[in-house]
Amino acid sequence: MLTPLATALLIAGYFCILFLISYLTSRKSDKNSFFTGNHQSPWIVVSYGMIGAALSAVTFVSIPGSVVFKGFYAAQFFVGNMVGYLFITFVLIPLYYRLRLVSIYSYLENRFGWFSYKTGSFFFLVSQSFGAGLRMLLAIKILQVLFGLDNSHMWWLAIIFLFLIFLYTFKAGIKTIVWTDMLQTTFLLLAAISIVVVIFIKLDMNLGQIMDIGRENGYWKWIDGDVKSGTFFWKQFLSGILIAMAMMGLDQNMMQKSLTCKNVKEAQKNTFVFSFSVAIVQIIFLFLGMMLFVFADVNQIELPTKTFVENGETISTIATDKVLPFLTLNHFGLFASIVFVLGTAAAAFSSVDSALTALTTSFCYDFLGIEKRKNQVRLKTLTHIGFSAVMILIILLFQNSGSNVFDLIFSLAGYTYSPLLGLFLLGIFTKIKLNDFTVPIAAISTPIIAYFMNDYLKSVYHFDIGFLTIFTGALITIILLLIFRLIPTKR
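A few points on the structure. Here the structure is a predicted model, which is why all the values come from computation and not from measurement.

Digging into the overall build of the protein chain
Counting its regular elements, the protein chain contains 19 helices and two strands. Considering the protein chain as a whole, with its 491 residues, one finds that 59% of them fall into the buried category. Partitioning the contacts of the protein chain with sequence separation of at least 6, the portion at a separation of at least 24 is 84%. Here the protein chain displays about 20300 Å² of accessible surface, and carbon together with sulfur accounts for 67% of that area.

Next up, the structure:
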């Protein structure tokens, strides 16, 4: 097993490479480089790098761990994602380029008005802050194990890593991120494939034998036909479409990278290739998960557990987020441990650094009007620091959460992105005019109504909406906005 010192040296070396990339990309940067990358990014570099940014430490750790309870059901969601990316490629990308947007939420001001614009941006800021903070939390929990630290050290680990991320992103921003994402994606994929190969060698079995054990133990299951289940096929597939539309197409973080491409055609190539690539990679992570549990079953290894209280009863279950770190660091040897550390670092920082840049861009353009200010560098830097502090607070808030981080992130996204999805669907597919001042009321009401509706269906009818919350939330937003149109306005 790696010593804490060896782990620290590996991560230090990794950051040195990131700082080198930052230096090279920021030498000829100007005030627009941070936000737009001067529209000079090669589409293939953007597409490849976005894989790492989209997956993060959540995919690296949580998705393989989820196989023990849900098999390959997540693949239903990933296939839905691919359909959602087609909407982004052929509808949203041309729209954003035609309007020459830097912040994609300025579309809402052109379509509906000032309140809609600010509401859309605000909900992105909230959702992205929580999503990035939770991704960083998972990475820090893994690094705590590697460093032999307890939860009392979490706050300063968060400060150190976010400070390092700030240092290599604050000057050239998205121009740097496009290239660091490429490096981080490479480390992430190398780690996953290397661990799969190590398990194959240690099991000394062929693929057919591994799949047979997977079927016997319930890991090799792809389609859920239980309508009441949260992983029912149509719930997963439809939510996959809508969450892809929202969490990528309506997300400043992911779209800002696509908008750095030279023109609309190159941006479309980027998202189209990315849609297939990321689905394949996600399936690889599910396969890695099955191999982890087959290895544990064959060797009768006792996996880490966690306990929590539900309805007054103490429940003990497998700690799915700890399975990959535990097996890799204790049973797969030095090489697997090294690539795991590098993969974890890449997965964590590739999502958080781009999120921090996108949050800074959105706030600077949508709330500070930075393009009209003289002190742009100072405002950008202060905003960058401010969102770093917000992420630290979120990490500390959720550090004792017993939830699976993958489920937690997408559950929160279902609530926070649904008002955005409802607004954009109305704007793109209808010519309806809204009472603009009522949009914040509808957007804030939506997650509250959706939460209590979901809770009622689950407790009374045992019907779990699952990730499809984003659909019901978007529908609630649309209905509320149409009702609010009936409110008379002064002329």
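What follows continues from the structure just given.
Considerations on the packing of helix 6 (residues 114–147) against helix 15 (residues 376–397)
Where helix 6 meets helix 15, the axes come as close as 8 Å, and the angle between the chain directions of the two elements is 60°. In terms of axis orientation, helix 6 runs oblique to helix 15. Seen from above, helix 6 lies across helix 15 with right-handed handedness. Residues L125, S129, F130, A132, G133, L134, M136, L137 and I140 of helix 6 lie in contact with helix 15, whose contacting residues are F387, V390, M391, I394 and I395. For the contact of helix 6 with helix 15, a count of residues per class yields 12 nonpolar, two polar and no charged.

Description of helix 1 (residues 4–26)
Given a rise of 1.5 Å per residue, 23 residues ought to cover 33 Å, and the 33 Å separating the end C-alpha atoms of helix 1 matches this to within 8%. Listed as buried for helix 1 are T7, I11, Y14, F15, L18, I21, S22, T25 and S26.

Quick look at the packing of aromatic side chains
Applying the stated rule across the entire model yields 24 aromatic pairs. Ring centres 5.7 Å apart and planes at 40° place the aromatic pair Y219 and F293 in the tilted group. A residue pair is termed long-range when its members are at least 10 positions apart, and Y219 in the loop between helix 9 (207–216) and helix 10 (233–249) and F293 in helix 12 (residues 264–298) qualify at 74 residues. Pairwise contacts between aromatic rings join Y14, F15, F19, F161 and F187 into one cluster.

A look at the environment of L149
Within the secondary structure, L149 sits in the loop between helix 6 and helix 7 (154–169). Placed 145 residues apart in sequence, L149 and P4 show a C-alpha to C-alpha distance of 9.5 Å. With near-sequence residues (within four places) excluded, L149 lies in contact with Q144, W156 and L157.

Concerning the pattern of salt bridges
Following the criterion strictly, the structure yields one salt bridge and no others. Salt-bridge contacts for R215 lead to D212; the nearest nitrogen and oxygen are separated by 3.1 Å. Pair noted here: R215 and D212 are both in helix 9, with a separation of three residues, about one helical turn.

Considerations on the environment of F78
Of note, F78 is situated in helix 4 (residues 74–98). In the structure, F78 is positioned 201 residues away from A279 in sequence and 5.8 Å away in space, judged by C-alpha atoms. Apart from residues no more than four positions distant in its own chain, F78 is found in contact with I63, Q282, I283 and L286.

Brief notes about the packing of helix 7 against helix 15
It is at 10 Å that the axes of helix 7 and helix 15 come closest, and there the two elements cross at 155°. With respect to their mutual orientation, helix 7 and helix 15 come out roughly antiparallel. Classified by chirality, the crossing of helix 15 by helix 7 is right-handed. Facing M154, W155, A158, I159, L162, F166 and T169 of helix 7, the residues of helix 15 in contact are T381, H384, I385, S388, M391, I392, I395 and L396.

Focus on a nonpolar patch on the surface
A surface patch of nonpolar side chains, amounting to about 330 Å² of accessible area, comprises F19, F163, L167 and F170. If you trace the backbone, L167 turns up in helix 7. Take L167: its relative accessible area is 32%, and that puts it in the partly exposed class.

Things to note about unusual backbone geometry
Despite not being glycine, R100 shows a phi value in the positive range, around 55°. Structurally, R100 can be placed in the loop between helix 4 and helix 5 (106–111). Given the relative accessible area of 75%, R100 is considered exposed. For D204, which is not glycine, the phi torsion reads 55° and is therefore positive. The residue D204 is located in the loop between helix 8 (174–203) and helix 9 in this model. In this structure D204 comes out as exposed when scored by relative accessible area, which is 68%.

Structural notes on the side chain of S258
Relative to the helices and strands, S258 is located in helix 11 (residues 252–258). Given the relative accessible area of 0%, S258 is considered buried. Beyond its immediate sequence surroundings of up to four residues, S258 is in contact with V46, M50, I93, Y97, A267, N270 and T271.

Quick notes on helix 18 (residues 439–461)
Between its first and last C-alpha atoms helix 18 spans 32 Å; for 23 residues at 1.5 Å apiece the expected length is 33 Å, and the two agree. Of all the bends in helix 18, the greatest, near 25°, is centred on S445, and the proline P447 appears no more than four residues after it. Turning to helix 18, its buried residues number three or more, namely V439, A442, A443, T446, P447, A450 and N454. Directly beyond the C-terminal end of helix 18, a positive phi value near 55° is found at H462.

What counts and what doesn't
- Residues numbered from 1 in each chain as written.
- Predicted model: local features only at pLDDT ≥ 70, side-chain atom pairs only at ≥ 80, totals over all residues.
- Heavy atoms only, no water.
- Helix = DSSP H or I, 4+ residues; strand = E, 2+ residues; numbered from the N terminus.
- Buried < 20%, exposed > 50% of the residue type's maximum accessible area, 1.4 Å probe, protein only.
- Contact = heavy atoms within 4.5 Å.
- Areas by Shrake-Rupley, 256 points an atom, 1.4 Å probe, with all protein chains shown as cover.
- Axes fitted to C-alpha atoms, helices over the stretch in contact; angles between N-to-C directions.
- Parallel < 35°, antiparallel > 145°, perpendicular 65-115°, else oblique.
- Left-handed = near helix turned anticlockwise from the far one by under 90°.
- Nonpolar A, V, L, I, M, F, W, Y, C, P; charged D, E, K, R; others polar.
- Expected span 1.5 Å × (residues − 1).
- Phe/Tyr/Trp six-rings, centres within 6.5 Å; stacked < 30°, edge-to-face > 60°.
- Salt bridge = Lys/Arg side-chain N within 4 Å of Asp/Glu carboxyl O.
- Patch = residues over 30% accessible without salt bridge, like charges linked within 9 Å, V, L, I, M, F, W, Y side chains within 5 Å.
- Bend = angle between axes of the 7 residues up to and from the residue.

These figures come from the coordinates and say nothing about function on their own.
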